[in-house]
2 protein chains.
Amino acid sequence: MEKTYRNIDENIVAHTKKLQEFVRQHSISQTGEGVKECAELLRGYFEELGCKEARLVPEKYAPVVYAEYDAGAKKTVIIYMMYDVQPAEDIELWKVPPFEGKIVEMTPFKKVLMARGAVNSKGPLVAFLNVLEAIRQVDESPVNLIFVAEGEEERGSVSMAKFVREYAHKLKKADSVFFAASCQDENGLAEPTLGSEGLLYIELETNGAFWGRGPTEFGVHGALKLIIDSPAWRHIKMLSSLVSEDGNKIMVRGWYDNIQVPTKQDLKLLKKGYRKSTPAAKVFDPEPFKRSLKIKTFIDDVTDKEEIIKRLSFGTSFNLDGIWGGWTGPGSKTFVPHKVTSKHNIRFVPNQKLNDLFRKIRAHLDEKGYKDVKLRKVDGYQWALSSHKSAIAEATYAMFEQFGVKYAIYPPVASILRFSPAWPAYVFTGKPLELPIIGGALGHGGRAHSPNEYYVIEGAKGHHGRVYGLAGVEKSMATILYNYAGKRPGKIRSKLFREA
Amino acid sequence: MEKTYRNIDENIVAHTKKLQEFVRQHSISQTGEGVKECAELLRGYFEELGCKEARLVPEKYAPVVYAEYDAGAKKTVIIYMMYDVQPAEDIELWKVPPFEGKIVEMTPFKKVLMARGAVNSKGPLVAFLNVLEAIRQVDESPVNLIFVAEGEEERGSVSMAKFVREYAHKLKKADSVFFAASCQDENGLAEPTLGSEGLLYIELETNGAFWGRGPTEFGVHGALKLIIDSPAWRHIKMLSSLVSEDGNKIMVRGWYDNIQVPTKQDLKLLKKGYRKSTPAAKVFDPEPFKRSLKIKTFIDDVTDKEEIIKRLSFGTSFNLDGIWGGWTGPGSKTFVPHKVTSKHNIRFVPNQKLNDLFRKIRAHLDEKGYKDVKLRKVDGYQWALSSHKSAIAEATYAMFEQFGVKYAIYPPVASILRFSPAWPAYVFTGKPLELPIIGGALGHGGRAHSPNEYYVIEGAKGHHGRVYGLAGVEKSMATILYNYAGKRPGKIRSKLFREA
């Protein structure tokens, strides 16, 4: 194993170059730009690494890159990756061109890769490929690997459930799933993910054409409100029926019926932690959180840390993300609009079910007299949760402990508290696979979806301990695999963790 | 008088050219483009016509062009004009460039002027100038004239009340006010205006910065709705409090208190008409109205014509013109917005008062707990009404009768039923001037504020009678002045009304 770590250190320059090469390849799933080329590039990497069956599986917007690596080992791990990225909007705010793979200094880090996709999620993806290359040069992989690299994550992973059903006969060989992601925050605290909250994203549209009242095809002169009904006011009344006066309680019949969290185990984890983890209730500090987001107070003026984490971890919400309709330009154009549309993201938890909630919203609208209001599902994930005591999770905690990294284990659905608010974990934890998952190697990056996205290449000391760079990320991934295969490296000699 | 009509016929080509010249001069008050130049051009016209004191009176966005024409007559009439125009948006939808003053055929009219400002309101403005020129070449004007040409009408006439106060010592010499406008519809029916409904245009903004809850400076991640309040939901609840479930009744305390319409006289006018006018209740046909606006049904499924006109003539309304906030782009960006804004036009009638209604909305918000919601006045007019039996009105009806034109007299505040939904009539009918007004020479145009705005140059026969072209417009204006001065031309020999 030591040979693997040395190989990583010796080749870190080449490893970094490979990552730069990969972020230079556009792969914007919203527009399709470079997606196919990126998928082909990735398939080539898998072939070079000795994978069998490296192939593109065509899906709605972008293919899944699928590959198997047979090490003749006992255990098999699915590595979930995503190769698509968000568009690089607000180009003028970027300090470097977003698709050139520039390495820059960003205090306290001497070297970060600043590029679209750096942390989300090409950095961790290439890190894992580098790990396999390093292991194969000195040894053999301790586990068999199945790579599932998605190209539609930024479009809501719309094909993943279908892909998993179709590939279930292959995927069911696996014993667990690892999400190739870095989970350290800027202070060095590691926060792995054991699942995801549920997300349902809908649009509601009130339209005179559906209603049969008011203007039906286009907006008309504002003075006509005297004699015609208003689809816009109808939208307001319809929306108002969905939530309580304070906007915080969901008034849809049966909404809260199936909620089963928090379990006793959840609360114990929150308060006491597990193994050597720092309890989440102790590690979360609401003040810097509020300051950075310019939020003065929480719902109901809650100040108790544990209560805040509980609401974030076990709550359900119905948000108004956006609304538009009618005349929104300057001045005083008078106008009775024929339609108004709003967008809503809904968060939900075990054992609420996505389709059941969708049906309940429809039933609410029908019952309140809004049969004509269009309810559209934009996308959604089922929630996912994996035991915090699975073998792959234990292997990950052991890695944190071997590296001396402070870590906190949040309840699986507490998405916003971690690096990854929502991801399609449910395709693995749900039927037919029902596999344990964890996401979270070492390493840190930030500004995903924003200008100047970065990924740390050369680490630095943080408030909670070392924030690891690329070599550390790779070593941590290798360590998880060794731990999982039962080949515990024990307490690793600390100099091996010095980064190149 | 016959000489005047002949002079108009003989010079109609030159008159048309002058109108083309005037529409070629941009005067877009929203952007300021050409406004000053247009005002100067107009002042030059007044000087050529022998006016005294032709001057530009600087106002907020554009000067008033003020001029006096002293004919040594007994009576004095203020001619209200507007020289500003809307921008010409959607250029690709225009059949001709909007500022070139092209004459085109538009069935059934052999010649219309197609240009921005053609009907609203440069056509009628230049027609009146042509009338004065014609009269002066053969005779002397039967009345003294005071010209008030506004350049801010399309910006809500924001300076007119102030201008009238400052010029009251001059304006009070006048006996009545005539709005230089054409009031025939496409079928030849004439619908003069005796006033305007009241209009209050407001914006409402709910913002975390004012509220002190939820996101205060920028939107945050949608999953945070679990622990933060939503200014967007607050806006929905606030709006919902303003109107009844069906969106049609205004729930603001005291809103309906001062309503005094319809008077008995109003109802009599509606049902029986006045002089030889066709009663409004008989002339209004809701079916083509609904068809052209793609409206299937009116409020409360009202079908009775008289009831529809009553609601349009004497009603008050609180419209939702537009609303926007948060993520309105494609896909499923999850977002808790820090603010939502909506626009509202409010129509009101005698004796509701603009400032009182504004205060009542503020009081409603405060009472319902929305002290933090910002209420902004964008602009507004007080309602105006002038007796349908004033001398200037009688002079106008006499003209319709002399020309054999079918006409209908709507109650003064029934704005939408006429050619001009709202205009600042109140500055003349209200204190300090309290003058009778009427608007409406012959002539027809359409598509004001839209592509392909037009003004009929050569008339044609319509369903209700002749739709007059420019020569007819000018003769009708001259006739109103002669009638008003007591120099009734009697039944004018019909060939004089044939147009050049």
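This text goes with the structure placed above it.
All of these numbers come straight from a predicted model, not from anything done at the bench.

(A) Here's a closer look at the overall build of chain A. Broken down by element type, chain A carries 16 helices and 21 strands. Taken over C-alpha atoms, the radius of gyration comes to 24 Å for chain A, in line with the 23 Å a tight globule of 500 residues would show. The dimensions of chain A, computed from C-alpha atoms along their principal axes, are 80 × 50 × 50 Å. When burial is assessed residue by residue, chain A has 65% of its 500 residues classed as buried. Relative to all contacts within chain A whose residues are 6 or more apart in sequence, the contacts with residues 24 or more apart total 77%. Counting 72 positive and 60 negative side-chain charges, chain A places the centres of these two groups 4 Å from one another.

(B) The arrangement of a positive patch on the surface in detail. All names here are of chain A. Residues Lys268, Lys272, Lys282 and Lys389 make up a contiguous surface patch of positive charge. Among the structural elements, lysine 272 can be located in helix 9 (residues 264-272). When its relative accessible area of 62% is taken as the criterion, lysine 272 is described as exposed.

(C) Layout of the packing of helix 2 (residues 12-24) of chain B against helix 3 (residues 35-48) of chain B. All names here are of chain B. Put simply, helix 2 and helix 3 touch, their axes get as near as 10 Å, and they point 150 degrees apart. For the element pair helix 2 / helix 3, the angle class is roughly antiparallel. Residues Lys18, Glu21 and Phe22 of helix 2 form the contact with helix 3, whose participating residues are Cys38, Leu41, Leu42, Tyr45 and Glu48. For the contact of helix 2 with helix 3, the residue count by class is five nonpolar, no polar and three charged.

(D) Structural view of the packing of aromatic side chains. One pass over the structure, following the stated rule, counts 40 aromatic pairs over all chains. Where Phe289(A) meets Phe298(A), the ring centres are 6.4 Å apart and the plane angle is 45 degrees; that geometry is what we call tilted. For the pair Phe289(A) and Phe298(A), a shared accessibility class is recorded, and that class is buried. Between the aromatic rings of Tyr381(B) and Tyr426(B), the centroid separation amounts to 6.1 Å while the plane-to-plane angle is 50 degrees, which identifies the pairing as tilted. Here Tyr381(B), found in strand 15 (residues 374-381), pairs with Tyr426(B), found in helix 15 (residues 426-429); they are 45 residues apart in sequence, far enough to count as distant. You can call Tyr426(B) buried: its relative accessible area is 18%. Through successive ring pairs, a cluster of aromatic residues spans Phe46(A), Phe128(A), Phe147(A) and Phe178(A). Here the basic side chain of Lys18(A) rests over the ring of Tyr45(A), its NZ or CZ set 4.3 Å away from the ring centre.

(E) Summary view of the relation of the copies chain B and chain A. Superposing chain B onto chain A requires a rotation of 180 degrees together with a translation of 0.1 Å along the rotation axis, leaving an RMSD of 0.1 Å. Taken together, the rotation and translation relating the two chain copies correspond to the operation of a two-fold axis. Within chain B, the C-alpha atom positioned nearest to the axis of rotation is that of Trp324(B), 2.2 Å from it. Of the residues that chain B buries at the interface, 100% are likewise interface residues in chain A, meaning the two copies contact each other through the same surface.

(F) Structural detail: helix 9 of chain A. Residue and element names in this part refer to chain A. Among the residues making up helix 9, those that are buried are Asp266, Leu269 and Leu270. Burial along helix 9 is one-sided: seen end-on, the buried residues are contained in an arc of 95 degrees. Turned more than 90 degrees away from the buried face of helix 9, the exposed residues are Lys264, Lys268 and Lys272. In this structure, the buried residues of helix 9 make contact with helix 10 (280-283) and helix 12 (305-314).

(G) Expanded view of the environment of Leu226(B). Position of Leu226(B) among the secondary structure elements: in the loop between strand 10 (220-221) and helix 8 (231-240). Apart from residues no more than four positions distant in its own chain, Leu226(B) is found in contact with Glu197(A), Ile299(A), Arg311(A), Leu312(A), Gly315(A), Thr316(A), Ser317(A) and Arg347(A).

(H) How the structure looks around the side chain of Ser240(B). Within the fold, Ser240(B) resides in helix 8. Side chain to side chain, Ser240(B) and Ser240(A) meet in a polar contact 3.5 Å long.

(I) How the structure looks around the sheet that holds strand 19 (residues 454-458) of chain B. Residues and elements named next belong to chain B. Spatially, four strands are ordered 4-5-19-18 in an open sheet, and the strand pairing comes out antiparallel. What marks the edges here is a single partner per strand, and that holds for strand 4 (102-106) and strand 18 (445-446). Here strand 4 runs beside strand 5 (residues 109-114); their pairing, made up of four bridges, is antiparallel. Bridged to lysine 102 within strand 5 is methionine 114.

(J) Broad picture of the interface of chain B and chain A. Chain B puts 80 residues into the contact, and the matching count from chain A is 80 residues. A buried area of about 6700 Å², summed over both sides, lies between chain B and chain A, and 61% of it is on carbon and sulfur atoms. The three residues of chain B that bury the most area against chain A are Leu226(B), Ile227(B) and Trp233(B), which together make up 13% of that side's buried surface. Our enumeration of links across chain B and chain A arrives at four salt bridges. A salt bridge links Arg213(B) to Asp301(A), with the shortest nitrogen-to-oxygen separation between them at 3.0 Å. Across the contact surface, chain B and chain A share 37 residue pairs in polar contact (both at pLDDT 80 or more). Take the side of chain B that touches chain A: its biggest share by element is six residues, from helix 8 of chain B. Here the side of chain B that touches chain A is composed, by residue class, of 37 nonpolar, 25 polar and 18 charged. Where strand 12 (residues 322-326) of chain A lies against strand 12 (residues 322-326) of chain B, five bridges are found, and the strand directions are antiparallel. Bridge pairing in strand 12 of chain B links Gly326(A) to Gly322(B).

(K) Examining the pairing of strand 1 (residues 52-57) of chain B more closely. Residues and elements named next belong to chain B. Where strand 1 and strand 2 (residues 64-69) come together, four bridges link them in antiparallel fashion. Each bridged residue has a counterpart across the sheet, and for arginine 55 the counterpart in strand 2 is tyrosine 66. The antiparallel hairpin formed by strand 1 and strand 2 contains six residues in its connecting segment.

(L) Molecular detail of the sheet that holds strand 17 (residues 437-441) of chain A. Residue and element names in this part refer to chain A. Ordered by their spatial adjacency, six strands build an open sheet running 1-2-6-3-7-17, and the pairing between neighbours is mixed. Each end of this open sheet is capped by a strand with a single partner; those strands are strand 1 (52-57) and strand 17. With direction set aside, neighbouring strand axes in the sheet form an average angle of 20 degrees. When strand 3 (residues 76-82) meets strand 6 (residues 144-150), the two strands line up parallel, connected through seven bridges. Among the inter-strand pairings, methionine 81 is bridged to a residue of strand 6, identified as alanine 149.

(M) Highlighting the pattern of salt bridges. All names here are of chain A. Following the criterion strictly, the structure yields 60 salt bridges over all chains and no others. Ionic pairing is found between arginine 376 and glutamate 205, a salt bridge with its closest N-O pair at 3.0 Å. Pair noted here: arginine 376 is in strand 15 (residues 374-381) and glutamate 205 is in strand 9 (residues 198-207), with a separation of 171 residues, a long-range link. Taking the relative accessible area as the measure of exposure, arginine 376 reaches 30% and is therefore partly exposed.

(N) Helix 16 (residues 470-484) of chain A, seen in detail. Over its 15 residues, helix 16 of chain A runs 21 Å from end to end, which matches the ideal 21 Å to within 8%, given 1.5 Å per residue. The buried fraction of helix 16 of chain A is high, at 15 of 15 residues.

(O) Examining the packing of helix 2 (residues 12-24) of chain A against helix 4 (residues 118-138) of chain A more closely. Residues and elements named next belong to chain A. Relative to each other, helix 2 and helix 4 sit at 140 degrees, their axes nearing to 9 Å. Taken together, helix 2 and helix 4 sit at an angle that is classed as oblique. In terms of crossing hand, the pair formed by helix 2 and helix 4 is right-handed. On the side of helix 2, the interface is formed by His15, Lys18, Leu19, Phe22 and Val23, while helix 4 contributes Ala118, Lys122, Gly123, Leu125, Val126, Asn130 and Glu133. Class assignment of the residues belonging to the contact of helix 2 with helix 4 gives a composition of six nonpolar, three polar and three charged.

Here is what the cut-offs are and how they apply
- Residues numbered from 1 in each chain as written.
- Chains lettered and ligands numbered in written order.
- Predicted model: local features only at pLDDT ≥ 70, side-chain atom pairs only at ≥ 80, totals over all residues.
- Heavy atoms only, no water.
- Helix = DSSP H or I, 4+ residues; strand = E, 2+ residues; numbered from the N terminus.
- Rg over C-alpha atoms; globule rule 2.2 N^0.38 Å.
- Buried < 20%, exposed > 50% of the residue type's maximum accessible area, 1.4 Å probe, protein only.
- Contact = heavy atoms within 4.5 Å.
- Lys, Arg positive; Asp, Glu negative; His and termini not counted.
- Charge placed at Lys NZ, Arg CZ, Asp CG, Glu CD.
- Patch = residues over 30% accessible without salt bridge, like charges linked within 9 Å, V, L, I, M, F, W, Y side chains within 5 Å.
- Areas by Shrake-Rupley, 256 points an atom, 1.4 Å probe, with all protein chains shown as cover.
- Salt bridge = Lys/Arg side-chain N within 4 Å of Asp/Glu carboxyl O.
- Axes fitted to C-alpha atoms, helices over the stretch in contact; angles between N-to-C directions.
- Parallel < 35°, antiparallel > 145°, perpendicular 65-115°, else oblique.
- Nonpolar A, V, L, I, M, F, W, Y, C, P; charged D, E, K, R; others polar.
- Phe/Tyr/Trp six-rings, centres within 6.5 Å; stacked < 30°, edge-to-face > 60°.
- Lys NZ or Arg CZ within 6 Å of the ring centre and 35° of its normal.
- Least-squares fit on C-alpha atoms with pLDDT ≥ 70 in both.
- Arc of directions from axis to C-beta.
- Polar contact = N/O pair within 3.5 Å; in protein donor to acceptor, adjacent residues only side chain to side chain.
- Pairing = 2+ DSSP bridges.
- Buried area = accessible area lost by both parts, 1.4 Å probe.
- Expected span 1.5 Å × (residues − 1).
- Left-handed = near helix turned anticlockwise from the far one by under 90°.

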